[in-house]
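Secondary and tertiary structure notes
What follows is the residue order along each chain.
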Amino acid sequence: MIEIPHIVAHRGASIEAPENTIAAFRVAGARKAKWIECDVTLSADNQCVLIHDDTLERTTNGTGPIHMQPLSVLRELDAGSWFSDIYKGERIPTLSDTLETLFFMDMGANLEIKPSGCDPVRLCQEVAKELGRAKKLPILLSSFDDIAVAEIRRLLPEMPCGWLLETLPDNWHGGYTRLGASALHIDHKALDPEKAAEIVAANVPLVCYTVNDPARAKELFGWGVTSIITDDPAKMIAAIPRHPNPQGRNK
């Protein structure tokens, strides 16, 4: 398992720049984040693009499902004006754009595989191809989609993949083992000290999303959490420049 930084920038520095854009990743790097988290899905012509929602309305000037539009159409959309006029004309990046940018910024990424209406197996195949062509940088894959977790582990057995959860099922360890996951990613609101202790005792790296309060982050680290994903990396890194519990850093 690769070492995950204790602070990861959620969709880039998404409190300061439009999420899942190159601008947000550059701001995150300027704020001293070592990694970003981002969402990857497929266009209608099976190109890997970065966007969170299933549809275009919230974060672009487009409409309708992402997976129904070819890359040529997606690349013409404005993915920045919704956030601020400063970012007018910011584009939906491809995975290739993103990996190239992160490589030259000496950053890593948690890539969330997000089917968003497309075939999860095809999405995993295209992500694997892109990663195979890209310059090498630290990557942790993750997904809520069980099919995607199992498929990406089959395609890229050497690359760690986290299992994303909103709540912790009673039989979580069985599911985690069956999928061949390498980390557990969970909504911090679903955790308590007992659940966290159970995960940490199983030597499972524990990543929590989306944490924007430094006091809460410190509490989670005290429970043995490996890493937190935050919209505000500048504030979080200023408050917690290093992992306060080095024993909690799973590798």
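Refer to the structure presented above.
As a starting point, this report considers the structure included with it.

What counts, and where the lines are drawn
- Residues numbered from 1 in each chain as written.
- Predicted model: local features only at pLDDT ≥ 70, side-chain atom pairs only at ≥ 80, totals over all residues.
- Heavy atoms only, no water.
- Axes fitted to C-alpha atoms, helices over the stretch in contact; angles between N-to-C directions.
- Helix = DSSP H or I, 4+ residues; strand = E, 2+ residues; numbered from the N terminus.
- Left-handed = near helix turned anticlockwise from the far one by under 90°.
- Contact = heavy atoms within 4.5 Å.
- Nonpolar A, V, L, I, M, F, W, Y, C, P; charged D, E, K, R; others polar.
- Disulfide = S-S within 2.5 Å.
- Phe/Tyr/Trp six-rings, centres within 6.5 Å; stacked < 30°, edge-to-face > 60°.
- Buried < 20%, exposed > 50% of the residue type's maximum accessible area, 1.4 Å probe, protein only.

1. Here we look at the packing of helix H4 (residues 120-133) against helix H5 (residues 146-155)
When two helices pack together, their arrangement is captured by the angle between the axes and the distance separating the axes. Remark: H4 packs on H5, axes separated minimally by 9 Å, with the N-to-C direction vectors making an angle of 35 degrees. Crossing handedness for the pair H4 and H5: right-handed. Two secondary-structure elements touch here, H4 through Pro-120, Val-121, Cys-124, Gln-125, Val-127 and Ala-128 and H5 through Ile-147, Ala-148, Glu-151, Ile-152 and Leu-155. Within the contact of H4 with H5, the residues separate by chemical class into nine nonpolar, one polar and one charged.

2. Quick word on the side chain of His-10
With respect to the helices and strands, the residue His-10 is situated in strand E1 (residues 7-10). Those residues in contact with His-10, other than ones at most four positions away along the chain, are Glu-37, Thr-210, Ile-229, Thr-230 and Asp-231.

3. Some details on the state of the cysteines
Disulfide: a covalent bond formed between the sulfur atoms of two cysteine residues. Throughout the structure, instances matching the rule amount to zero disulfides. Cys-38 takes part in no disulfide bond, and the closest cysteine sulfur, belonging to Cys-48, lies 11 Å away.

4. A closer look at the packing of aromatic side chains
Taken as a whole and assessed by the stated rule, the structure comprises five aromatic pairs. Centre to centre, the rings of Trp-82 and Phe-83 are 5.6 Å apart; their planes meet at 80 degrees, and the pair counts as edge-to-face. The exposure class of Trp-82 is partly exposed, given its relative accessible area of 34%. Overall, the relative accessible area of 28% leaves Phe-83 in the partly exposed class. Relative to Tyr-176, the ring of Trp-172 has its centre 6.2 Å away and its plane inclined at 70 degrees; by these criteria the two rings are edge-to-face. Note that Trp-172 and Tyr-176 are positioned in helix H6 (residues 172-179) at a spacing of four residues, about one turn of the helix. With a relative accessible area of 9%, Tyr-176 lands in the buried category. Here a set of aromatic residues connected by ring pairs shows up, and it is made of Trp-82, Phe-83 and Tyr-87.

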